[in-house]
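One-letter residues, chain by chain:
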Protein chains: 2
Amino acid sequence: MSSRLVRPVAPGGVIGILGGGQLGRMLALAAARLGLKAHIYAPAGDNPAFDVAHAHTTAAYDDEAALHRFAAATDVITYEFENIPVAGVELLAEQSCLRPGARSLQMAQDRLAEKTFASALGIPTPPFANVEREEDLSAALKQVGLPAVLKTRRFGYDGKGQARVHDENELHQAWAALGNAPCILEGFVSFTCEVSAIIARGADGKTATFDVPRNEHENHVLRHSHVPSGLHRQTGHEAVSMACRLAEALEHVGVLAVEFFVLQDDAGNQQLLFNEFAPRVHNSGHWTEAACDLSQFELHVRAVCGWPLPQPRRHHDCVMTNLLGDEVHDWQALAREPDTVLHLYGKREARPGRKMGHYTRLLSPRSA
Amino acid sequence: MSSRLVRPVAPGGVIGILGGGQLGRMLALAAARLGLKAHIYAPAGDNPAFDVAHAHTTAAYDDEAALHRFAAATDVITYEFENIPVAGVELLAEQSCLRPGARSLQMAQDRLAEKTFASALGIPTPPFANVEREEDLSAALKQVGLPAVLKTRRFGYDGKGQARVHDENELHQAWAALGNAPCILEGFVSFTCEVSAIIARGADGKTATFDVPRNEHENHVLRHSHVPSGLHRQTGHEAVSMACRLAEALEHVGVLAVEFFVLQDDAGNQQLLFNEFAPRVHNSGHWTEAACDLSQFELHVRAVCGWPLPQPRRHHDCVMTNLLGDEVHDWQALAREPDTVLHLYGKREARPGRKMGHYTRLLSPRSA
């Protein structure tokens, strides 16, 4: 077996998906519409993706025997999240075709590698510096300035593993609070808004791209994505173009979501600063299933299975809103609203802040 | 347990679906998007719906023990086809909430009952007469005229169980060829085109309706559905209105698909004649998943689960085309086409004429 698929995974084939949450579930649903079978691999727990999959494996991500069996039972393997242990990734990449590949994962797993990589491609980023030892702190501060944000290099998501600091004293405290783990110190950016570029790249290097959403966060968790974003047309094109450049350099196969800060000066000039990327389908692309002919989930499945990637078309302006925790209990009121596409994830327990579903309000037919 | 749901089936609940084919599969996919679990019940065979379901039961439709267990494991039960044996229907209706209910099934299972019922509601039909005994043949012929179509009253679909007759001799031969089974003789209608009305009715009596597609058949099997239909606006409204009248009289809960012949005179006046109805999602409504914000599958799931039924909105003109038998092997070429939503059913074997998938070409934004 090699890490390259010689031919596309035909209908009836099996796509392996690491991760049993809502993203794995929506990938499995998209695979089903193309006549493909989904096999979900996830550790024990509430795995809503299992309910829509042809097969599932309940095992830890470092269970080598289970990973071997999973690789043997699938035609191609992808994932719904990027924090898979490196040993597991290497094993799967040897045994099967893992897409997106090792390079995308390696970069996505380390904030320092990720920003260094983007920066080397000429993609503007906020100032950043590495923090591995106590003595790195003051050097980093000098380089980056204040205020700044200290983030663990690994395993951060939704604002976890990061702290904002306003002076050197806070910086030392923050680093201690993060367990003296390898960190990156980033200059705090006073941005106008946040946007993301969501693109898909095929094994043949061709890309398909979505319109750029503007993303509103609350407590570091995505709350709304608005399309169109309200950005200048040229700024939107730049975001997409930078995402394509990243995908190309990563030899990425699948959906790539790239988050940017948008800075705007008094004259209205807009500038994009790279924040981070996800080598997978992304929460800020959920509106695509409601407002486009092809969703990010379908494009990801198509890309990793070696299928063609037509350019998706958006038919409506829209706003996607996440349902967090108890908000899912409003499902009856939401189900009553016209022009609203509701999507619930089938999770058992509505813990506070947990992503339980989302809905997309279709506004007017596409305006921009 | 009663045949009425006191409250809606909440997310996390289980919808039972009788039948494991593509309709059951698409219902299961729609249920999943609402956070509902699907439990499929079907006899052994190629059951592509199993691949996307939370649970499945492989058993015959007259296996009482299995039906009891199925009823106990589900919150509401629906079906993808109407030819379920009456004993099974009665058992399920007693044990659980079966939707659409016994009346819709009873009428749909007997072409004579169906046409009599429609006719009694003032819905125009072609002339028809009952044929149960040899001596009924000539009386029926007198009543109906020639040419005519002899159809078995039960278990016909896609042109199976019917024969066109041009004289009395052919009629006797046709009846013998159909095994002297109870039949209906219908006057042959020289129609301009065929259309269908697809509506959903909730347990509260409220309805939601789709635009009427014009349906092209080949060898009695649906080939294309076109939306808009090209009918006069008023004719389209009449079709929808007659379907709603039928649903009301049947106390139907779920999607109801009603097929009509369209007659047009030289002055362009259009007349609708009722052909038949299906108490379920229908092949001529598959375009709704690609061209509307809410599909027929979602509306059926919503209706049988007691959820609200917002009026769906169509955003594109479109044509849906069935992929029959070997045609599914063109999947790569179809997957390459822009503005085309492809849906494959994951069936194992592409037998001649078998429905293997469909695709919907999105034309321009909604025109009419």
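The structure reproduced in this document is the subject of the present report. (Residues numbered from 1 in each chain as written. Chains lettered and ligands numbered in written order. Predicted model: local features only at pLDDT ≥ 70, side-chain atom pairs only at ≥ 80, totals over all residues. Heavy atoms only, no water.)

Counting its regular elements, chain A contains eleven helices and 17 strands. Its C-alpha atoms give chain A principal-axis dimensions of roughly 55 × 50 × 40 Å. Here chain A holds 368 residues, and 60% of them are scored as buried. Look at the contacts in chain A between residues 6 or more apart in sequence, and 63% of them connect residues 24 or more apart. With an accessible surface of roughly 14300 Å², chain A has 48% of that area assigned to carbon and sulfur atoms. The averaged location of the 43 negative side-chain charges in chain A is 6 Å from the averaged location of its 35 positive side-chain charges. (Helix = DSSP H or I, 4+ residues; strand = E, 2+ residues; numbered from the N terminus. Buried < 20%, exposed > 50% of the residue type's maximum accessible area, 1.4 Å probe, protein only. Contact = heavy atoms within 4.5 Å. Areas by Shrake-Rupley, 256 points an atom, 1.4 Å probe, with all protein chains shown as cover. Lys, Arg positive; Asp, Glu negative; His and termini not counted. Charge placed at Lys NZ, Arg CZ, Asp CG, Glu CD.)

Residues and elements named next belong to chain B. Taken together, four strands build an open sheet; the order of strands is S3-S2-S1-S4 and the sheet is parallel. A strand with exactly one partner marks an edge of an open sheet, and here the two such strands are strand S3 (55–58) and strand S4 (76–79). The mean angle between the axes of side-by-side strands here comes to 20°, regardless of whether they run parallel or antiparallel. Taken together, the four bridges between strand S2 (residues 37–42) and S3 define a ladder with parallel strand orientation. Paired with Ile40 across the two strands is His56, which belongs to S3. Packing of helix H1 (residues 22–33) onto the sheet brings it into contact with strand S1 (14–18), S2 and S4, and relative to S1 it is tilted by some 170°. (Pairing = 2+ DSSP bridges. Axes fitted to C-alpha atoms, helices over the stretch in contact; angles between N-to-C directions.)

A separate point is the interface of chain B and chain A. In this complex, chain B contributes 39 residues to the contact, which on the side of chain A involves 39 residues. Interface area, chain B with chain A, both sides summed: about 3400 Å², of which 59% is carbon and sulfur. Ranking the residues of chain B by area buried against chain A places Arg33, Asp51 and Trp331 of chain B at the top, with a combined share of 18%. Here chain B and chain A share four salt bridges between them. Summed over the shared surface of chain B and chain A, the number is eleven residue pairs in polar contact (both at pLDDT 80 or more). Contributing elements (two or more residues each) for the side of chain B that touches chain A: H1, helix H11 (331–336) and strand S16 (340–344) of chain B. Taken together, the residues of the side of chain B that touches chain A sort by class into 21 nonpolar, seven polar and eleven charged. (Buried area = accessible area lost by both parts, 1.4 Å probe. Salt bridge = Lys/Arg side-chain N within 4 Å of Asp/Glu carboxyl O. Polar contact = N/O pair within 3.5 Å; in protein donor to acceptor, adjacent residues only side chain to side chain. Nonpolar A, V, L, I, M, F, W, Y, C, P; charged D, E, K, R; others polar.)

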